[in-house]
Amino acid sequence: HKFEAGTPNVEGAVGLAAAIDYLDEIGMERIAEHEQGLARQTLERLGGFDGVTLYGPRDHRAGVVSFNYLDVHAHDLATVLDQEGVCIRAGHHCAQPLVRRLNTTATARASFYLYNDADDVDALVHALQKAAAIFGSVPAWRSMRNAECGVRNGEAASRTPAIPHSAVRIPH
């Protein structure tokens, strides 16, 4: 080490040790269960949308859900979701051969971790509803939402369900 330039990253080592202690206190198994639970919730909720294509296993998975919505490019979808305060990744995700094999140009990816909860899944779903309205497609969620709102027999069928202000996520 005598030929290394500069000061060693002591604060980085101290911060890493504190982060490891924090995660050990919570328990990596509990964190994995939490991630997987949110991924399952997301798969269930997005699986009810017409036009959503889900990628990956349905049973055991990490806290990551990759999807596409109709023919909307993942980057366009990410932009609309971002405007609603929902942050996702879009693109090849360092897996371009897989993306080509899936016969798509890119995918959208929602990732969950310790700091996420069911409200984040709700925010993703509401933002995707907003994207559906923007891109001119009204998937099956309209009929589900109309049933929740008491709309029957096609009454007010042209009305797009309102997105509650509480569902809009504003970045800090």
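In what follows, the structure referred to is the one given above.
Just so it is clear, the structure is predicted and the values come from calculations on it, not from any experiment.

The rules behind these values
- Residues numbered from 1 in each chain as written.
- Predicted model: local features only at pLDDT ≥ 70, side-chain atom pairs only at ≥ 80, totals over all residues.
- Heavy atoms only, no water.
- Helix = DSSP H or I, 4+ residues; strand = E, 2+ residues; numbered from the N terminus.
- Buried < 20%, exposed > 50% of the residue type's maximum accessible area, 1.4 Å probe, protein only.
- Contact = heavy atoms within 4.5 Å.
- 1 Å grid on protein atoms, 1.4 Å probe; cavity = no way out; pocket = protein on both sides within 12 Å on 5 of 7 lines; lining within 4 Å.
- Points joined across faces, edges and corners; volume = space filled by probe spheres on them.
- Nonpolar A, V, L, I, M, F, W, Y, C, P; charged D, E, K, R; others polar.
- Pairing = 2+ DSSP bridges.
- Axes fitted to C-alpha atoms, helices over the stretch in contact; angles between N-to-C directions.
- Arc of directions from axis to C-beta.

Caption draft 1: Geometry of the overall build of the chain. Assigned secondary structure in the chain consists of six helices and four strands. Element order for the chain, N to C, with α for helix and β for strand: α-α-β-β-α-β-α-β-α-α. In the chain, buried positions account for 34% of the 172 residues. By sequence separation, contacts in the chain at least 24 residues apart represent 59% of the contacts at least 6 residues apart.

Caption draft 2: Molecular detail of the layout of surface pockets. Here the second largest pocket is characterised by a volume of approximately 190 Å³. Residue assignment for the lining of the second largest pocket shows that the elements contributing at least two residues are helix 4 (96-101) and strand 4 (107-111). For the lining of the second largest pocket, the residue count by class is five nonpolar, five polar and two charged.

Caption draft 3: Summary view of the sheet that holds strand 1 (residues 52-55). As summarised here, the arrangement of the four strands in space is 1-2-4-3, forming an open sheet in which the pairing is antiparallel. Because the sheet does not close on itself, it has two edges, and the strands there are strand 1 and strand 3 (89-91). In this sheet, neighbouring strand axes are inclined to one another by 30 degrees on average, regardless of whether the strands run parallel or antiparallel. Here strand 2 (residues 64-69) pairs with strand 4 via four bridges, running antiparallel. Bridge pairing in strand 4 links Val65 to Ala110. Seen against the sheet, helix 2 (residues 28-46) touches strand 1 and strand 2 and runs at an angle of roughly 15 degrees to strand 2.

Caption draft 4: Representation of helix 3 (residues 74-83). Of the residues making up helix 3, those classed as buried are Ala74, Leu77, Ala78, Val80 and Leu81. Buried residues along helix 3 cover an arc of 165 degrees about the axis, so they all sit on one side. Against strand 2, strand 3, strand 4 and helix 5 (118-134) lie the buried residues of helix 3.

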